[in-house]
Amino acid sequence: MDSVHSVQVIAVTSGKGGVGKSTVAVNLSLALAKRGRRVVLLDGDLGLANIGVLLGLTPKYTLADLIDGRCELSDVLLLGPGGMRIVPASSGNKSMANLSPAQHAGLIQAFSDMADSIDVLVIDTATGIGESVVNFAQASQEVLLVVCDDPASLADTYALIKLLSAGHGIHRFRVLVNMVHNSDEGHYLFTKLVNLVNRFLDVSLHYLGAIPYDEHVRSAGRMQRAVCEFFPRSKCAYAFNVTAQKVDAWPLPSNPRGHIEFFIDQLVSHSRR
Ligand SMILES: Nc1ncnc2c1ncn2[C@@H]1O[C@H](COP(=O)(O)OP(=O)(O)OP(=O)(O)O)[C@@H](O)[C@H]1O
């Protein structure tokens, strides 16, 4: 473990599909990049190649090619808007469970070599309570839950929190409410979630904020662009900038948990269990 540079690792996840998890991962990354952070966005949505589609990028290589030694990390990285870099992981981290010691070491070394050029690693995980979501959440410093005003979203978020806390020792979560129609809705929904969770689970939830429902997100999506890039003056882009400002103020871990090698190491070992 060579690097001493701390990297903020944020797993963006959600209990239910369609709540805007990938939209949040992409636009939060872009808003952080615009603030001068060196951001890498890892597409952890197994098999879907979500980020590439959202941003109209066609990856030549994925993380699987790196693991199998077919390319270098620099070949895998795609340059996205605002200078952020993207790691497409379309064939999934399933193969991480079966890495040989040499592949394991090679992966850590590959990320370690570029650790000094990353400030924030954002992971767009899969949706729900799958194994890969648990692995990414366990290896990250921050778990950001995206929820929206839909009973199924709240119920599935509760199930995810229960799984991650009771089964995997994660007790702190950040919550971002997406697609709100007024400024009170975010707080209202967050309070609802807190009331639900506090009755049965020993966790702390922290309100990060709310992103308004905004047709610009869909218009940008149809053009395979991020709303913060294509409509930088939209209310949604404004909300992402405010959110990024708050994320920027989160404390950086100074212990080994803050090192990128630690993240990869944790990811690989959790995947093996
Ligand atoms: N704030 C918003 N306002 C309006 N539309 C939004 C907003 N956020 C996301 N959307 C739209 O909702 C849809 C689902 O978004 P997205 O693909 O980001 O969700 P997801 O949770 O990642 O879904 P999945 O789990 O299926 O990958 C997309 O059409 C997207 O454009």
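The numbers attached to residues start from 1 for each chain and follow its sequence in the written order. Local features in this predicted model are restricted to residues whose pLDDT is 70 or higher, and side-chain atom pairs enter the listing and the counts only when it is 80 or higher, whereas totals over whole chains, interfaces and linings include all residues. Here the side-chain values reflect all heavy atoms present in the structure, with hydrogen atoms and water set aside.

The name recorded for the chain in an unreviewed UniProt entry is MinD/ParA family protein, from Pseudomonas kulmbachensis.

S.K.: Could you give an account of the packing of aromatic side chains, with specific residues and numbers?
M.R.: Under the pairing criterion, centres of Phe, Tyr and Trp rings, with the six-membered ring standing for Trp, must be within 6.5 Å; the plane angle then separates stacked pairs below 30 degrees from edge-to-face pairs above 60, leaving the rest tilted. Throughout the structure, instances matching the rule amount to 3 aromatic pairs. Between Phe230 and Phe231, the aromatic rings sit 5.2 Å apart at their centres with planes inclined by 80°, giving edge-to-face as the arrangement. Relative accessible area decides the class of each residue, using a 1.4 Å probe on protein chains only: under 20% of the type maximum gives buried, over 50% gives exposed, and in between gives partly exposed. According to the relative accessible area criterion, Phe230 is partly exposed, its value standing at 30%. When its relative accessible area of 22% is taken as the criterion, Phe231 is described as partly exposed. A cation over an aromatic ring shows up here: Arg174 above the ring of Trp250, its NZ or CZ 4.0 Å from the ring centre. Any Lys NZ or Arg CZ that is within 6 Å of a ring centre and within 35 degrees of that ring's normal is treated as a charge sitting over the ring.

S.K.: Help me get a handle on the pairing of strand 2 (residues 39–44), residues and values and all.
M.R.: Going along the chain from the N terminus, every DSSP run of H or I of four or more residues is numbered as a helix, and every run of E of two or more is numbered as a strand. Counting buried positions along strand 2 yields 6 of 6 residues, so the element is predominantly enclosed. Side-chain alternation along strand 2 places Val39, Leu41 and Asp43 on one buried face and Val40, Leu42 and Gly44 on a second face that is also buried. With 6 bridges joining them, strand 2 and strand 5 (residues 120–125) adopt parallel strand pairing. Within strand 5, the position partnered with Val39 by the bridge is Val120. For strand 2 and strand 4 (residues 85–87), the ladder comprises 3 bridges, and the chain directions are parallel. Among the inter-strand pairings, Leu41 is bridged to a residue of strand 4, identified as Ile86. Paired strands, as defined in this entry, are two strands with at least two bridges between them according to DSSP.

S.K.: Go over helix 11 (residues 235–248), please, and point to the residues and values.
M.R.: A turn of α-helix holds 3.6 residues, and therefore any two residues three or four places apart point the same way. Here a helix's expected span is defined as the number of its residues, less one, multiplied by 1.5 Å. In this model helix 11 runs 20 Å from its N-terminal to its C-terminal C-alpha over 14 residues, within 8% of the 20 Å that 1.5 Å per residue would give. Note on contacts: a residue pair is in contact if any heavy atoms of the two residues lie within 4.5 Å. Buried positions along helix 11 lie against strand 1 (8–13), helix 1 (21–34), strand 7 (172–180), strand 8 (204–212), helix 9 (215–222) and helix 10 (227–230).

S.K.: Account for the side chain of Glu142, with residues named and values stated.
M.R.: Summarising the element assignment, Glu142 is placed in strand 6 (residues 142–147). Contacts described as polar in this section are N or O atom pairs within 3.5 Å, which, within protein, must combine one atom able to donate a hydrogen with one able to accept it, while residues neighboring in sequence count only if both atoms come from side chains. A polar contact of 3.1 Å, which involves the side chain of Glu142, links it to the side chain of Arg172. Not counting chain neighbours up to four residues away, the residues in contact with Glu142 comprise Gln8, Val9, Ile10, Ala11, Arg172, Arg174 and Trp250.

S.K.: I'd like a description of the pairing of strand 6, backed by residues and values.
M.R.: Along strand 6, 6 of the 6 residues are buried, which leaves the element largely enclosed by surrounding structure. Both faces of strand 6 are covered, namely the face carrying Glu142, Leu144 and Val146 and the face carrying Val143, Leu145 and Val147. The pairing of strand 1 with strand 6 spans 4 bridges and is classified as parallel. When the bridges of strand 6 are listed, Thr13 appears paired with Leu145. Look down the strands so they point away from you; if the path from the first strand over the helix to the second goes clockwise, the crossover is right-handed. Of the crossover connections in this fold, the one passing from strand 6 over helix 7 (residues 151–167) to the parallel strand 7 is right-handed.

S.K.: Now, about the sheet that holds strand 4: what can you tell me, with residues and values included?
M.R.: The sheet built from 8 strands is open, its strands ordered 3-4-2-5-1-6-7-8 with mixed pairing. Only two strands of the sheet have a single neighbouring strand rather than two, namely strand 3 (78–79) and strand 8. With 5 bridges joining them, strand 1 and strand 5 adopt parallel strand pairing. Bridge pairing in strand 5 links Val9 to Leu121. Convention adopted: a line fitted to C-alpha atoms gives each axis, helices being fitted over their contacting stretch, and angles between N-to-C directions are expressed from 0 to 180 degrees. Taken strand by strand, helix 8 (residues 183–200) contacts strand 6, strand 7 and strand 8, and its axis lies near 155° from that of strand 8. Lying over the sheet, helix 11 contacts strand 1, strand 7 and strand 8, oriented at roughly 155° with respect to strand 8.

S.K.: Run through the site of the ligand, naming residues and quoting values.
M.R.: Around the ligand sit 18 residues in total, of which Lys21, Ser22, Thr23, Thr127 and Asn178 are the nearest. With respect to the ligand, the backbone of Lys21 contributes an N or O atom lying 2.9 Å from an oxygen atom. For the ligand, a nitrogen atom lies 3.2 Å from a polar atom in the side chain of Arg218. When the ligand is considered free in solution it has 630 Å² of accessible area, and contact with the protein chains removes 79% of it. Looking at the shell around the ligand, the elements with two or more residues in it are helix 1, strand 7, strand 8 and helix 9. Per-element tally for the shell around the ligand: the top contributor is helix 1, with 3 residues. Three categories are distinguished: nonpolar for Ala, Val, Leu, Ile, Met, Phe, Trp, Tyr, Cys and Pro, charged for Asp, Glu, Lys and Arg, and polar for the others, with Gly belonging to the last. Counted by class, the shell around the ligand contains 6 nonpolar, 8 polar and 4 charged residues. Summary of the distance rule: residues count as near a molecule or strand when at least one heavy atom falls within 4 Å of that molecule or strand. Per-residue and other accessible areas follow the Shrake-Rupley method at a 1.4 Å probe size, with only the shown protein chains counted as cover for residues.

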